[in-house]
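# Fold and geometry: a report
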Amino acid sequence: MSKEKFINLVSTAVPLPVENIDTDQIIPARFLKATTREGFGDNLFRDWRFDNDGQPVKDFVLNGSRYSGKILVAGKNFGCGSSREHAAWALYDFGFRVVISSFFADIFKNNALNNGLLPVVVSDVYLKGLFETVKANPSAAITVDLENQTVSSGAQVAKFEINKYKKTCMINGYDDIDYLLSLNKEVREFDLTHAGS
Amino acid sequence: MNDGKPKTIFEKIWDTHVVRRAEGYPDALFIDRHFIHEVTSPQAFDGLKKRGIKVFNTSRTTATADHNVPTKDQHLPIKEALSRHQVETLRNNCKEFGIELYDLGHPFQGIVHIIGPELGLTLPGMTIVCGDSHTSTHGAFGNIAFGIGTSEVEQVLGTQCILQYKPKTMLIEINGELGKGVVSKDIILYIISRLTSSGATGYFVEYAGDTIRQLSMEARMTICNMSIEMGARGGLITPDETTFNYIKGRKFAPQGETFDRQVMEWKKLKTDEGAAYDAVMKFNASDIAPMITYGTNPGMGMRVTDRIPTLAELKEINEQGSFKKSLEYMGLEPGSTLLGKAVDYVFIGSCTNARIEDLRLVASMVKGRKKAANVEVWIIPGSKQVEQQAIKEGLDKIFEAAGFELRSPGCSACLGMNEDKVPAGKYCIATSNRNFEGRQGPKSRTFLASPLSAAAAAITGKVTDVREMV
Ligand code: SF4
């Protein structure tokens, strides 16, 4: 299944300067009961967005009109916790295409990349600057250029790392499974001959 | 792939499972054993259907229902419609694709990371994956086991492989003797409190040292289980006699001569003298005391007799805002102690601590004692086999006499996905692995601790230094 191609993006951003945002916050477990990939956006950050009575929490960033956009800027160690891919689906379904942070948890990073959501790692200093920029000017445009691996807002430019293979996949909308399926014959042989179980 | 360089056990296992290593690509890694459950598999099966492909090798995949099953009246249909639908979807998918399912009511059903080892499906030297981050549990047997996302579940079902970059390696060595009342859960909570919840991100951990060597298999599983809570991809322990004795005679383990031959192979699975790690950490067992967490990630832990840090103390290692937010959520004051803090719920269960040894530990603490009036206690065995064994040993009677109830197996209150939830604002001392906001139910507050400490709290009704009771 090929996915949407990602080349570059210019958008405003939503700041969420909290560290260690775990996948239980991104999408609480009780909303993992669907058997399809769609519709998780409604429950993104559910318990931060809504109070016990289901009313929107007024000062939560996703509820006000001040911030919007396809880029989420979040504190360090974003996506720690469970392996639930639903976290990436929820962010994507809500409309995010990029998450910028100074550190991502491993499994989340993989899941995001497998679903067309680009995790962009920047330095702590750049991240701090970005929070300040967005807070001062919510309509500031941020450019994420995957081809050149840069993120920029005004004069602040940062290079980011991305694995070459994953970059090719994102740009072309490829899926890992296509590559693995092409190895089918080799794997069959391996399955029969490899020692130890 | 033998270039003569000394290798870690991790590298040895990894390298023998690489089907293809190509320039510019991650390694295509062969997967020996794949576990699936109802929550992270439906979309993967959907993917297979859309592509029109079959499961590559059905004998390498095992399924169970655990995350959203009720822990009472398991013989009745699941009440909650969405949970029921998810379990039914798993049932239909397993039937359609020919996968063995240990469904509700089956004598082998249980939490996925508990049944693999107890059935002898988890063995040394393997590569093991599951759409669940606590797959690291299996690493206690000396294998490479890690959690994956649903897209990857689909890859493994369809191709028996996964595309992965080799993580860095970290050695964590613990030496010395554990003090009174200190068990393996305290060791891992201590390590995580030192490394923080992201301190091992990007690494695969090997636990070593004489303290680890002396632990039982079940205690080792508790340690490996929580590797992910410091961000590690997984954690493993070199197999030894303890490992082989545990495996011997298990249902799906190699038997007789085959077993003996395998043991010879497994004995070769160890880190070569002089092999290099990307990071090395050393700890003393004597520094470890009964541990408890006070915050909303497992790295926010301390010795039960310590004070919660103040904002000033944390300046360098944590952004103050997040720390403050966390303590506000928990309803706790910086600088205060948790000793004597009343708890409302005690949860003994989860893939971290719901094996028979855990239940024996709890029984040893509560025998002849009564639960405090202010607490509700849930004891959830990790599997049907654990439940049966507990009954056989009469542990259920001990629990009953103390005012507890032994329920049926499942993930239960480890995650607020099934009927067992901690109400908003209530405190729960839990033997599980995560204290995230809302993990045990919306606005629930979790203290992570060992089964021994949880059992002590069940008796006293408050956070207790278990050393005063053993
Ligand atoms: S017991 Fe908890 S951590 Fe373990 S598999 Fe179940 S939900 Fe996950």
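Below: a short report on this structure. Every value quoted in this text rests on a predicted model; they were computed, and no experiment measured them.

## Brief notes about the overall build of chain A
Broken down by element type, chain A carries eight helices and eight strands. The C-alpha radius of gyration computed for chain A amounts to 18 Å, which stays within 12% of the reference 16 Å derived for 197 residues, consistent with globular compactness. Across its three principal directions, the C-alpha atoms of chain A cover 60 × 45 × 25 Å. For chain A, the residues scored as buried account for 59% of the 197 residues in total. Taking contacts inside chain A between residues at least 6 apart in sequence as the whole, the part at least 24 apart equals 67%.

## Focus on the site of the ligand
Residues and elements named next belong to chain B. Around the ligand sit His67, Ile111, His113, Asp132, His134, Ser350, Cys351, Cys411, Cys414, Leu415, Asn433 and Arg439, and those are all the residues in its vicinity. When atom positions are compared with the pocket grids, the ligand is found to occupy the largest cavity. Residue composition of the shell around the ligand, by class: five nonpolar, five polar and two charged.

## Focus on the environment of Ser450 of chain B
Residues and elements named next belong to chain B. Residue placement: Ser450 occurs in the loop between β19 (445-448) and α16 (451-460). A residue is classified by how much of its surface remains accessible, and Ser450, at 0% relative accessible area, is buried. Taking C-alpha positions, Ser450 is 12 Å from Met365, a pair spaced 85 residues apart along the chain. Setting aside residues no more than four positions away along its own chain, Ser450 makes contact with Val183, Lys185, Asp186 and Thr431. At 3.0 Å, the side chain of Ser450 and the backbone nitrogen of Ser453 are in polar contact.

## Notes on the packing of helix α6 (residues 184-195) of chain B against helix α8 (residues 217-225) of chain B
All names here are of chain B. Between α6 and α8, whose axes approach to 8 Å, the crossing angle comes to 20 degrees. As the angle between them shows, α6 and α8 are arranged roughly parallel. Relative to α8, α6 is oriented so that their crossing is right-handed. Contacts between α6 and α8 involve Ser184, Lys185, Ile187 and Ile188 from the former and Ala219, Thr222 and Ile223 from the latter. Split into classes, the residues belonging to the contact of α6 with α8 amount to four nonpolar, two polar and one charged.

## Description of the interface of chain A and chain B
In this complex, chain A contributes 57 residues to the contact, which on the side of chain B involves 76 residues. When the buried surface of chain A facing chain B is broken down by residue, Lys33, Thr35 and Leu180 of chain A rank first, second and third, together holding 13% of it. For the salt bridge of Glu80 of chain B with Lys33 of chain A, the shortest nitrogen-to-oxygen distance reads 2.9 Å. Linking chain A with chain B are 29 residue pairs in polar contact (both at pLDDT 80 or more), by the criterion used here. For the side of chain A that touches chain B, the secondary-structure elements that each account for two or more residues are α1 (23-26), α2 (46-49), α3 (86-94), α4 (106-113), α7 (176-181) and α8 (184-193) of chain A. Residues belonging to the side of chain A that touches chain B are distributed by class as follows: 22 nonpolar, 19 polar and 16 charged.

## Looking at the sheet that holds strand β2 (residues 13-16) of chain A
Residue and element names in this part refer to chain A. Across the sheet, four strands lie side by side as β2-β3-β4-β5; this open sheet has parallel pairing. With one partner strand each, in any of the chains shown, β2 and β5 (118-121) form the two edges of the open sheet. Going from strand to strand, the sheet's axes swing by 20 degrees on average, the running direction of each strand aside. Across four bridges, the pairing between β2 and strand β3 (residues 71-74) is parallel. Among the inter-strand pairings, Ala13 is bridged to a residue of β3, identified as Ile71. With respect to the sheet, helix α5 (residues 124-136) is in contact with β2, β3 and β4 (98-101), its orientation differing from that of β3 by roughly 120 degrees.

## What about empty space enclosed by the protein?
For the structure on display, the rule yields seven cavities of 30 Å³ or more. Across the lining of the largest cavity, the residue classes break down as eight nonpolar, 11 polar and four charged. Taken as a whole, the second largest cavity encloses approximately 180 Å³ of empty space. For the second largest cavity, the lining is made up of 17 residues, of which Glu19 and Asn20 of chain A together with Thr296, Ser322 and Ser326 of chain B are closest to its centre. No other element matches the four residues that helix α12 (residues 320-330) of chain B contributes to the lining of the second largest cavity. Grouping the amino acids of the lining of the second largest cavity by side-chain chemistry returns six nonpolar, seven polar and four charged.

## Description of the state of the cysteines
Evaluated as defined, the whole model comprises zero disulfides over all chains. Cys169 of chain A supplies the cysteine sulfur nearest to Cys161 of chain B, a cysteine that is in no disulfide, at a spacing of 16 Å.

## Overview of the nonpolar core
It is characteristic of soluble globular proteins that their nonpolar side chains tend to be buried jointly. Core analysis: the largest hydrophobic core is formed by 112 residues, its most contacted members being Phe45, Phe78, Leu91, Ile100 and Leu118 of chain A. In terms of residue count, α16 of chain B provides more of this core than any other element does, seven residues in total. Beyond its immediate sequence surroundings of up to four residues, Leu118 of chain A is in contact with Phe6, Arg97, Val98, Val99, Leu113, Val144, Leu146, Phe160, Ile162 and Met170 of chain A. In terms of nonpolar packing, the next biggest core, distinct from the first, is built from 87 residues, Leu236, Ile247, Trp266 and Leu269 of chain B among them.

Rules and cut-offs
- Residues numbered from 1 in each chain as written.
- Chains lettered and ligands numbered in written order.
- Predicted model: local features only at pLDDT ≥ 70, side-chain atom pairs only at ≥ 80, totals over all residues.
- Heavy atoms only, no water.
- Helix = DSSP H or I, 4+ residues; strand = E, 2+ residues; numbered from the N terminus.
- Rg over C-alpha atoms; globule rule 2.2 N^0.38 Å.
- Buried < 20%, exposed > 50% of the residue type's maximum accessible area, 1.4 Å probe, protein only.
- Contact = heavy atoms within 4.5 Å.
- Near = heavy atom within 4 Å.
- 1 Å grid on protein atoms, 1.4 Å probe; cavity = no way out; pocket = protein on both sides within 12 Å on 5 of 7 lines; lining within 4 Å.
- Sits in = over half its atoms within 2 Å of the grid points.
- Nonpolar A, V, L, I, M, F, W, Y, C, P; charged D, E, K, R; others polar.
- Polar contact = N/O pair within 3.5 Å; in protein donor to acceptor, adjacent residues only side chain to side chain.
- Axes fitted to C-alpha atoms, helices over the stretch in contact; angles between N-to-C directions.
- Parallel < 35°, antiparallel > 145°, perpendicular 65-115°, else oblique.
- Left-handed = near helix turned anticlockwise from the far one by under 90°.
- Buried area = accessible area lost by both parts, 1.4 Å probe.
- Salt bridge = Lys/Arg side-chain N within 4 Å of Asp/Glu carboxyl O.
- Pairing = 2+ DSSP bridges.
- Points joined across faces, edges and corners; volume = space filled by probe spheres on them.
- Disulfide = S-S within 2.5 Å.
- Core = buried A, V, L, I, M, F, W, Y, C linked by side-chain atoms within 4.5 Å.

Honestly, that's just the spatial picture; any functional story needs more than this.
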